[in-house]
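A look at the structure
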Amino acid sequence: MLTQAPKGTRDMLPQQAHIWQTIESVMRRRAALAGYREVRTPVFEHTELFLRGVGDTTDIVQKEMYTFKDKGDRSITLKPEGTAGAVRAFLENKLFADALPCKMYYLNSPVFRYEKPQAGRLREHHQFGMECFGGKSPAVEAELISTLLDILGDLGLKGLSVSINSIGCPNCRPRYHAALKEFLSGRFNDLCEECRERFDRNPLRVLDCKVPTCKEIVKEAPSMLDMLCDDCRAHFDQLQELLTAKGIPYTIDSHIVRGLDYYTKTVFEIMVTRGREGLALCGGGRYDGLVEELGGPATPAAGFGIGTERIIMELANQGIELPEPAPCAVYVANLGEEARTAAYLLCQGLREKGIQTEQDLCGRSLKAQFKYADKLNAKYIALVGGDELSRGVIKLRDLATREESEIPLDEAADRIAGLL
Ligand code: HAM
């Protein structure tokens, strides 16, 4: 136990840091180009925020939250998603009083869900998300989807599909709920146990049940798209016009309902087209009622979340390798104790010039230091010590050509910098 991470969690090891950092820099760049700025909210919030925000009938709230009492007897929950915290920060800091829209993104925010761990499903994962407050135009969703595809494209991912749907608004959804329930009640006994429970509390979720018998049943279910009010219909049509104008292929999937209660109008998912059935790379949509639901002024909003671990899994599936960091430029080897200070100072002098430099920290023999420098793929070895040190020079070896030269110690940093 002591040396085993909790089930469903993963370390990001130094060997993988370049993958995470490349993904992060692509996300930062694309988000900034679209005018989004970073937000960081706490890892935990008051449980009530998620009960109200995410919805107390959702699987996330009912089964998956990490909730505990703190020492002050408050109920606290580790973030099971990023949107509710972003809305809370938007309200608490009165960002609604600034010129809108307010566009924010969170980067590799840890998210906790007590799920059955399996490929692509972790108990702690990390999300990049973009949230836009104050924009009611379908251009918000079009901009979000375009930015997402740009990010995934920059990373080299291919074979992605965009699915969109509209789940209506409080004006038109109740009529649909009633029609759906009427349809499902005729097939109630054939539904899986979970869907029978969902029937009352969240009938929409039956539409995305993965159990084959339920999948078969809902094929004939009435579609929300046939019952949208004029406003929702126009919004959905305009979103499609924008995606088409940009040449973004998409499919309309009336079974996308998403697992969170706050959505209105547009919902969307990005899936990989090969393998990994049912695992979305990304999900999002519009949530025009949430800010008001949490006590703020009526504010239209939309956003998405994408799991970094799922991106990394898909990069591996597609055999995409992100660039490794540049290898060490100079390895400063030392010939024992008396050379240590000079070696340390040379090492720091080189780093001050922006040169990636390593030195011996393990007390290795000279031979072992040379071997290690080879392993690091260093370009040069600067050998400090022995007879050379007493003459005030160092030996510089080019590891590719094996050429050696002597240079004065006090000019070494400048001279090496000139070579690189
Ligand atoms: P979500 O679909 O629940 O949406 O999660 C977004 C993404 O997080 C998923 O598409 C997936 O990449 C990743 N993800 C979710 N659960 C796991 C897991 N157990 N293990 C690994 N990755 C996972 C939301 O969370 C919404 N807050 C998105 C949103 C933002 N909607 C509007 N704004």
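Residues numbered from 1 in each chain as written. Predicted model: local features only at pLDDT ≥ 70, side-chain atom pairs only at ≥ 80, totals over all residues. Heavy atoms only, no water.

Before going further, it helps to examine helix H9 (residues 230–245). Compared with an ideal rise of 1.5 Å per residue, which puts 16 residues at 22 Å, H9 spans 22 Å between its outermost C-alpha atoms and is within 8% of the ideal. Residues of H9 that are buried: Cys232, His235, Phe236, Leu239, Gln240 and Leu243. Viewed along the axis of H9, the buried residues span an arc of 135°, placing them on a single side of the element. Exposed residues on H9 whose side chains face more than 90 degrees from its buried face are Asp230, Glu241, Thr244 and Ala245. Just past H9, the residue glycine 247 takes up positive phi, approximately 75°. (Helix = DSSP H or I, 4+ residues; strand = E, 2+ residues; numbered from the N terminus. Expected span 1.5 Å × (residues − 1). Buried < 20%, exposed > 50% of the residue type's maximum accessible area, 1.4 Å probe, protein only. Arc of directions from axis to C-beta.)

Next up on the list: the site of the ligand. Around the ligand lies a shell of 26 residues, among which Glu81, Glu115, Glu131, Tyr263 and Leu281 are the nearest. Glycine 120 places a main-chain nitrogen or oxygen 3.4 Å from a nitrogen atom of the ligand. Tyrosine 263 is positioned with one of its side-chain polar atoms (N or O) 2.6 Å from a nitrogen atom of the ligand. Protein coverage of the free-state accessible area of the ligand, which is 660 Å², stands at 96%. (Near = heavy atom within 4 Å. Polar contact = N/O pair within 3.5 Å; in protein donor to acceptor, adjacent residues only side chain to side chain. Areas by Shrake-Rupley, 256 points an atom, 1.4 Å probe, with all protein chains shown as cover.)

Below, the discussion takes up the pairing of strand S6 (residues 124–133). Counting buried residues along S6, 10 of its 10 residues qualify, which places the element largely inside the surrounding structure. Of the two faces of S6, the one holding Glu124, His126, Phe128, Met130 and Cys132 and the one holding His125, Gln127, Gly129, Glu131 and Phe133 are both buried throughout. Judged from the nine bridges that link them, strand S5 (residues 102–112) and S6 form a sheet pairing that is antiparallel. What sits directly across from methionine 104, in S6, is glutamate 131. By the bridge criterion, seven bridges tie S6 to strand S11 (residues 301–307) in an arrangement that is antiparallel. What sits directly across from glutamate 131, in S11, is glycine 303. (Pairing = 2+ DSSP bridges.)

Per the domain assignment, the segments making up the protein chain are domain 1 (14–158 + 247–317) and domain 2 (330–419). The centre of domain 1, based on its C-alpha atoms, is set 48 Å off from the matching centre of domain 2. (Domains from an automatic or database assignment.)

Looking now at the side chain of arginine 123. Tracing the backbone through its elements, the reader meets arginine 123 in the loop between S5 and S6. An unpaired buried charge is present at arginine 123: no salt bridge exists, and glutamate 115, the closest side chain of opposite charge, is 8.5 Å distant. Polar contacts involving the side chain of arginine 123 include one to the main-chain carbonyl oxygen of glutamate 115, which spans 2.8 Å. With near-sequence residues (within four places) excluded, arginine 123 lies in contact with Lys7, Gly8, Tyr66, Val111, Phe112, Arg113, Tyr114, Glu115 and Pro117. (Lys, Arg positive; Asp, Glu negative; His and termini not counted. Salt bridge = Lys/Arg side-chain N within 4 Å of Asp/Glu carboxyl O. Contact = heavy atoms within 4.5 Å.)

Glancing now at the sheet that holds strand S3 (residues 67–69). Taken together, three strands build an open sheet; the order of strands is S2-S4-S3 and the sheet is antiparallel. Here the strands that pair on one side only, and so sit at the sheet edges, are strand S2 (44–46) and S3. On average, each strand axis in the sheet is tilted by 35° relative to the strand beside it, whichever way the strands run. As defined by bridge partners, S3 adjoins strand S4 (residues 75–78) across three bridges and the pair is classed as antiparallel. Within S4, the residue paired with threonine 67 across the bridge is threonine 77. Packing against the sheet, helix H2 (residues 47–55) makes contact with S2, S3 and S4, and its axis sits at approximately 80° to S2. (Axes fitted to C-alpha atoms, helices over the stretch in contact; angles between N-to-C directions.)

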